[in-house]
Amino acid sequence: MAMGKLMIFLLQLSWTVHLVTAIQRKYIFPYGTLSGDLTLQEGDDETSKVLALKRPLYFYESQFNELYVATNGIISAQDLPMEKQYVDDGFPTDFPVIAPFLADIDTSQGNGAIYYRVTESPTLLNRVAQEVHRGFPGGHFTPTHAVIATWENVAAYEEVTRATGPSDRLNTFQAVVAYDENDSYALFLYPEDGLHFFGTRPKESYNVEIELPARVGFSRGEVSFIFSRMEGPYYSVTSNEQSLKNLYQVGNTGVPGVWLFHIGNRYSFENVVPASVGGALATPPPRGQEGDDSTTAEYPETFEEEPDEDYPPIADPDFLSPTIPEFLQPSHLDHDAFPGQARLQPYGGDLPLTSDPQYLIQYSTETKETCARFQQQCSQNADCTDYSSGFCCHCRSGFYGNGRHCLPDGAPHRVNGKVSGTVIVGSTPVDLNSVDLHAYIVVSDGRAYTAISEVPEPVGWALMPVAPIGELFGWLFALELPNSQAGFKITGAEFTRHAEVTFYPGNQRLSIVQTAQGLDSENHLSVDTRLHGDVPFIAPGATVQMEPYKETYQYYPSGASTSVREFTVVSAERGSETFTFQLHQNITYHDCRYGLRAGPETLQLTTERVFVMYVKDENILRYAITNKISPVGEPVQVNPCYSGTHDCDTTAQCLPGEGQQYQCQCATGYMGDGRNCYDVDECVEGIGLCGANAHCVNLPGSHRCQCQSGYDRLSGCCFQFTIAACNPLNIKLYACCATDLDECRSQPCHPQATCSNTLGSFQCQCQYDFQGDGFQCVPSNGLAPGAFVPQCDEQGQYRALQCHGSTGHCWCVDSRGQERAGTRTLPRTPPTNCDRPDHTERPKTQCEHHRDSTTSPEGNVDGAFVPQCDEQGQYRALQCHGATGHCWCVDSRGQERAGTRKPPGTSQPNCVPTVAPPTMHPLPRPDVTPPPSGTSLLYAQGQQIGALPLNGTLMDSERSSTLLALHGSIVVGIDYDCREKKVYWTDLAGRTINRARLEPGAEPETLINTGLTSPEGLAVDVVRRAMFWVDSTPDKIERANLDGSGRQTLFDTDMVNPRAIIVDSSTGTLYWTDWNREAPKIERSSVDGHSRKVLVKDGIGLPNALTFDTATRQVCWADAGTKRLECIASDGTGRRVIHSNLNYPFSMVFYANHFYFTDWRRDGVIALSRDSSQFTDEYLPDQRSHLYGVTIATTHCL
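This is a predicted model, so every value here is computed, not measured.

### Regarding the overall build of the protein
Part 1 of the reasoning: Looking only at helices and strands, one finds nine helices and 79 strands in the protein.
Part 2 of the reasoning: Among the 1198 residues that make up the protein, the fraction classed as buried is 54%.
Part 3 of the reasoning: Within the protein, contacts between residues separated by at least 24 positions form 56% of all contacts whose residues are at least 6 apart in sequence.
Part 4 of the reasoning: Looking at the protein as shown, the accessible area adds up to about 52,100 Å², and 49% of this sits on carbon and sulfur atoms.

Quick look at the structure:
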């Protein structure tokens, strides 16, 4: 017995010793010329010949057909730029990168070798498959190809001097990229004693002794985003030198030194997902299962079993890996699900999904749920339909939802609620006692703003990364692309969402439970939020940056899913740090089980922008996100309605046409031309008809019928419950609805369906050659669902009136079948008279549109309110209802001013004309805090404009300040008017051009707020009192007077990606850049749009920044592609390079023989002397994020 115990002890001890031993060099994948490898040419910055792949590889969500291996420890999916453009920079990179050890490596003079090959060896592929199955259990992966790259005994680059000899610090490591037709995985292998250097010194260190640590991870490279291109997603495995030293001591596969990652998927991929097997160390397998695996490994197997508590595994205590997430089990979140509810699962991984039937329904005719008995469960804006086994509610035309709850199409929506719970920050518990939550959603754009008030400071900073709190509202009201539907159409206003967030590397967990409790009396969604758990500490004053992401929502009854996201915390104390969290969530809701399900089972939510911030002075936590929802893998939609670049009012729907055409139509319950819409008071205008014993209450976009005191609602009627109201069986009677309503008169069915009225209800049935539930009918003749089929006359010509059989829209066309602008009508509305000839009328004002909409050739609509307009077509300040005698005051938009309504027979209110109140916004209006006296740089940093005083030519960071806080904005272009001391800027998020005087307390003034989609560069002509700007989506240049009047388009052709624009006021010359990747150029013209000419077109890449050197009379630009700062005379002569090693310049200004430019790599302002071509100063704001435009504000005009 004693001998047996001793043997067990020795066996366990041998396991322990084995666990801390890294993989031996002989057990990494075979490499070298004998294995068929190619050898990379020796050197400091070499790239292999293209590796053509027989089958495409998916890296992130993109498909690539070739790979390159580079000296500096990376594999790329595209030909690499020169090393100085990336080797010293951190993640993300501009191009796709798989980096087992990104550093400045040099194989010159026999310092090691680099081998690579593409293999289809079954033995090697079987080994990779086994690793993947161990690291991602339950997945299905059968690799068909693998790329193996090995860096053997390579050295770090060092400057050659007489005193230095060959380096004895050599590294060996290996990367294996394996893939099949759907998925890609990467293995990084670091053999024992294989790493001897962990960073390299930059070749140009700005005279600073520094060694940059190597980077290990993945970067997608630049992607298209909002305007131009910007950084794509990335994933960092290491964060400092200590984590690099531990690469061979631990791993995430159970084998120290072996790291596995899921790096791409054909259909949907958010970010890299690391494997997680047994934490950092391996353990023995369960007894009796040693031989279960049918594949044979080519290196020693490790074991998987919980270690004996008496012999804990040994690990380096200094290693904190952010890459070993602890995957949640379904039991964590599914315990509250219950029969009769559907479960919606968003997921971000490659977990298996199920689609088992959800319900087993038993019913009889006696217990059958019918509209006659339960119609009151439907919204007042919904119709009830009987099916063979029960009833369903369907929102009427002009409304959306799940039928039980319906909201007006296109109208903005608000969410109110409370946030409660206990959140532990570090080790400090903080209670949230029913603090207010308010959200405002612009449904037409998919923008959701969430604000939580009275959040104490410690937890306010710490909750900034927890954007999933506000992401719920983004999903509910996302911008819908074709063949998709946002969450509210599925869940309605009653559901429960469970989410669990796990932070790494600290393993803090936060539980989020959000319960929707219906619509309140104002038609606003009520959602209560409970938080419980731990969150990482974030230093006060820090900022959090979150990358865009995609998430797939699957509908099925069981199972769990996870997604992993990254966020960056930037603080003065610790600089920039990247962390991850894992989100597991599900949503349970009441589903109508009887009707046909509409829409695909899987949808993809694309979150394009995520802004988070904590406002210390107000104790308010804010999240702002922009969402679109579409079928998985759907190609990018270019119509402005889908891209969000239309100029429709926030209370209007954007109706897509062919190509780039679209129409704006005011949302249900609003009136106007679509660009300007206003609420219709259904109660005043007699549209909201309420029954007896009820009175009408107006709501934004809708109305409510409220029962009088002593009455209750039943089946849509207000009913006083007395003995007389009950029959002998004590069943309440619907006396007030005794006369059956013919619902078919309102055309509730699809245009290709017939409607049959029944007592208390109706039925819809698709016509011949169509199939569906009657509310949605699609052709059954083999045409693609939703396809438009044109109608032709007897002669084979286009009929003047065309209607879409699937959507119900109708419009007029010309003889070529092209839609005539302004003729499209919505489903179930009278079509346009296509025989009426087109004619042009002068534009009407909003008041005139309102007035004309209430009149007809026969006169006014009985009982309707007709607004009174003045001579200029504007609303008169005093408005009176001709039928009721009520009078009230209105603002310039015709909106009633609260508290001014007077009944008939009383004195009229005293109305003073006034401007419209500020637009509702989730944040307070900003005001100006001017910089100190003297000359200052003004720079745009997303949601604020900063001021940086100059002391001579040096930047005085101690006196830097925030000039304007513009929450919810993206300030891009900026310029200064030295005469009136005003700053001008473009707001990409608000699609506006604004200005403000540099005086204490001055408020911003919006100059232009229509017809803009992506305003970027801006230039002020001080002499001519004009401004010029570029709009990068429609690709045009416009000008206007400084007060916004006299707007005109100068150029809208021969441009692809215009960005920077400047004006030389002394000569009246305009210059701008176009960073079209196929043919970038810099152009010039006169300020009136004449004499257009290409100034530079050769030797440029991404000319982001542009300025004018007033001393040399030269135009200068900074290029993020060539990394050069160059100048040229206005006639195209005298071109010269000022500096040739920039990082990523975005905007630039010239002052006192110095160039000042914003840099996206440094996230700061860099100063460069024109005369010495040397960097002279650098300013890095405390709150680190990308800086955009920069200009100079002087005390007098230069």
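### Concerning the environment of Ala1019
Part 1 of the reasoning: For Ala1019, the position within the fold is in strand β63 (residues 1015–1021).
Part 2 of the reasoning: Taking the C-alpha atoms as reference points, Ala1019 and Tyr984, separated by 35 residues in sequence, lie 8.5 Å from one another.
Part 3 of the reasoning: With sequence-adjacent residues up to four places away left out, Ala1019 is seen in contact with Asp975, Ala1026, Met1027, Phe1028, Ile1061, Ile1062 and Val1063.

### Notes on the state of the cysteines
Part 1 of the reasoning: Counted under the stated rule, the structure contains 10 disulfides.
Part 2 of the reasoning: Between the sulfur of Cys812 and that of Cys834 lies a disulfide, 2.0 Å long from S to S. Classification of the bridge connecting Cys812 and Cys834 rests on its S-S torsion, roughly -85°, and on that basis the disulfide is left-handed. In this pair, Cys812 sits in strand β50 (residues 810–812) while Cys834 sits in the loop between β50 and α9 (846–853), placing the two residues 22 residues apart along the sequence.
Part 3 of the reasoning: Looking at Cys812, the relative accessible area reads 0%, which means it is buried.
Part 4 of the reasoning: Given the relative accessible area of 11%, Cys834 is considered buried.
Part 5 of the reasoning: Disulfide partner of Cys889: Cys911, at an S-S distance of 1.8 Å.

### Structural notes on the pattern of salt bridges
Part 1 of the reasoning: Across all of its chains, the model carries 35 salt bridges by this definition.
Part 2 of the reasoning: For Glu999, the salt bridge is made with Arg997, and the minimal N-O distance between the two is 3.9 Å.
Part 3 of the reasoning: Overall, Glu999 belongs to the partly exposed group, its relative accessible area being 41%.
Part 4 of the reasoning: Overall, the relative accessible area of 31% leaves Arg997 in the partly exposed class.

### Notes on helix α6 (residues 468–476)
Part 1 of the reasoning: Most of α6 sits out of view: nine of its nine residues are buried.
Part 2 of the reasoning: Pro468, Ile469, Gly470, Glu471, Leu472, Phe473, Gly474, Trp475 and Leu476 are the residues of α6 that are buried.

### Observations concerning the confidence of the model for the protein
Low-confidence regions, as indicated by low pLDDT, have predicted coordinates that should not be scrutinised in detail.
Part 1 of the reasoning: Across the protein, the average pLDDT comes to 77, with 77% of residues at or above 70.
Part 2 of the reasoning: Within the model, pLDDT remains below 50 along residues 205–209, and this stretch shows four contacts once partners closer than five positions in the same chain are excluded.
Part 3 of the reasoning: Scored below 50 in pLDDT, residues 719–739 makes 27 contacts in the model with residues more than four places away or belonging to other chains.

### Looking at the nonpolar core
Part 1 of the reasoning: Within the largest apolar cluster, 66 residues are counted, with the highest numbers of intra-cluster contacts made by Ile452, Leu463, Phe473, Phe477, Leu510, Leu531 and Tyr623.
Part 2 of the reasoning: With six residues, strand β25 (residues 428–442) is the single largest residue contributor to this core.
Part 3 of the reasoning: Setting aside its immediate chain neighbours within four residues, Leu510 contacts Val423, Leu463, Val466, Ala499, Glu500, Val501, Phe503, Leu531, His532, Gly533, Asp534 and Val535.

### Brief notes about the packing of aromatic side chains
Part 1 of the reasoning: Per the counting criterion, the structure on display carries 28 aromatic pairs.
Part 2 of the reasoning: Each ring, one from Phe477 and one from Phe488, has its centre 5.5 Å from the other, and the planes form 25°; the classification is stacked. In this pair, Phe477 is assigned in the loop between α6 and β27 (479–480) and Phe488 in helix α7 (residues 488–491), connecting sequence segments 11 residues apart.
Part 3 of the reasoning: What links up through ring pairs into an aromatic cluster is the set Phe101, Trp151, Phe173 and Phe197.
Part 4 of the reasoning: For the cation-ring pair, Arg127 lies above Phe29, with the distance from its terminal atom to the ring centre recorded as 3.9 Å.
Part 5 of the reasoning: Note that Arg901 overlies the ring of Trp888, its terminal NZ or CZ placed 4.2 Å from the centroid.

### Side note on the pairing of strand β17 (residues 258–265)
Part 1 of the reasoning: Along β17, eight of the eight residues are buried, which leaves the element largely enclosed by surrounding structure.
Part 2 of the reasoning: As paired elements, strand β10 (residues 183–189) and β17 share seven bridges and run antiparallel to each other. Within the sheet, the bridge partner assigned to Phe188 lies in β17 and is Trp259.
Part 3 of the reasoning: Here β17 runs beside strand β18 (residues 273–274); their pairing, made up of two bridges, is antiparallel. Note on β18: the bridge partner recorded for His262 is Val273.

### Describing the pairing of β25
Part 1 of the reasoning: Direction of pairing for strand β24 (residues 413–425) relative to β25: antiparallel, over a ladder of 12 bridges. Looking at β25, one finds that Asn416 is bridged to His438.
Part 2 of the reasoning: Hairpin connection of β24 to β25: two residues between the antiparallel strands, including Gly426 at a positive phi of 65°.
Part 3 of the reasoning: Sheet topology note: the β25/strand β26 (residues 447–452) ladder contains six bridges and is antiparallel. What sits directly across from Ile441, in β26, is Ala448.
Part 4 of the reasoning: Where β25 folds back on β26, the antiparallel hairpin that results is connected by four residues, among which Gly446 adopts a positive phi of roughly 75°.

### Points about the sheet that holds strand β68 (residues 1069–1074)
Part 1 of the reasoning: The strand order β67-β68-β69-β70 describes an open sheet built from four strands, whose pairing is antiparallel. Two strands bound the open sheet, and with one partner strand each, they are β67 (1058–1064) and β70 (1093–1096). Each neighbouring strand pair of the sheet contributes to a mean axis angle of 30°, computed without reference to strand direction.
Part 2 of the reasoning: Pairing analysis gives six bridges linking β68 to strand β69 (residues 1081–1086), with the strands arranged antiparallel.

### Examining the environment of Ile1100
Part 1 of the reasoning: Position of Ile1100 relative to the elements: it lies in the loop between β70 and β71 (1103–1109).
Part 2 of the reasoning: The class of Ile1100 is buried, set by a relative accessible area of 11%.
Part 3 of the reasoning: Among residues more than four places away in sequence, those in contact with Ile1100 are Pro1080, Lys1081, Ile1082, Trp1117, Asp1119, Thr1122 and Arg1135.

### Side note on the sheet that holds strand β66 (residues 1048–1051)
Part 1 of the reasoning: Strand order in the open sheet made by the four strands is β63-β64-β65-β66, with antiparallel pairing throughout. A single partner strand is all that each edge strand has here, and the edge strands are β63 and β66. Between one strand and the next, the sheet's axes are offset by a mean angle of 25°, whatever the strand orientation.
Part 2 of the reasoning: In the sheet, strand β64 (residues 1026–1031) pairs with strand β65 (residues 1036–1041) via six bridges, with the strands oriented antiparallel. Residue Ala1026 lies in a different strand from β65, and its bridge partner there is Asn1041.

### Section: helix α2 (residues 122–135)
Part 1 of the reasoning: Helix length check: α2 (14 residues) gives 20 Å between terminal C-alpha atoms against 20 Å at 1.5 Å per residue, within 8%.
Part 2 of the reasoning: Of all the 14 residues making up α2, 10 are buried; the element is thus mostly covered by neighbouring parts of the structure.
Part 3 of the reasoning: For α2, the complete set of buried residues consists of Leu124, Leu125, Arg127, Val128, Ala129, Gln130, Glu131, Val132, Arg134 and Gly135.
Part 4 of the reasoning: If you follow the buried residues of α2, they end up packed against β7 (113–119), β8 (145–156), β9 (170–179), β10 and β17.

### Brief notes about unusual backbone geometry
Part 1 of the reasoning: Here the residue pair Tyr504 and Pro505 is connected by a cis peptide bond, since its omega of 20° sits within 30 degrees of zero.
Part 2 of the reasoning: Tracing the backbone through its elements, the reader meets Pro505 in the loop between β28 (494–504) and β29 (509–519).
Part 3 of the reasoning: The backbone of Asn483 shows a phi angle near 60°, a positive value even though the residue is not glycine.
Part 4 of the reasoning: Within the secondary structure layout, Asn483 lies in the loop between β27 and α7.
Part 5 of the reasoning: Within the chain, Arg1113 stands out as a residue other than glycine whose phi angle is a positive 60°.
Part 6 of the reasoning: On the secondary structure map, Arg1113 appears in the loop between β71 and β72 (1114–1119).

Conventions used here
- Residues numbered from 1 in each chain as written.
- Predicted model: local features only at pLDDT ≥ 70, side-chain atom pairs only at ≥ 80, totals over all residues.
- Heavy atoms only, no water.
- Helix = DSSP H or I, 4+ residues; strand = E, 2+ residues; numbered from the N terminus.
- Buried < 20%, exposed > 50% of the residue type's maximum accessible area, 1.4 Å probe, protein only.
- Contact = heavy atoms within 4.5 Å.
- Areas by Shrake-Rupley, 256 points an atom, 1.4 Å probe, with all protein chains shown as cover.
- Disulfide = S-S within 2.5 Å.
- Salt bridge = Lys/Arg side-chain N within 4 Å of Asp/Glu carboxyl O.
- pLDDT = per-residue confidence, 0-100.
- Core = buried A, V, L, I, M, F, W, Y, C linked by side-chain atoms within 4.5 Å.
- Phe/Tyr/Trp six-rings, centres within 6.5 Å; stacked < 30°, edge-to-face > 60°.
- Lys NZ or Arg CZ within 6 Å of the ring centre and 35° of its normal.
- Pairing = 2+ DSSP bridges.
- Axes fitted to C-alpha atoms, helices over the stretch in contact; angles between N-to-C directions.
- Expected span 1.5 Å × (residues − 1).

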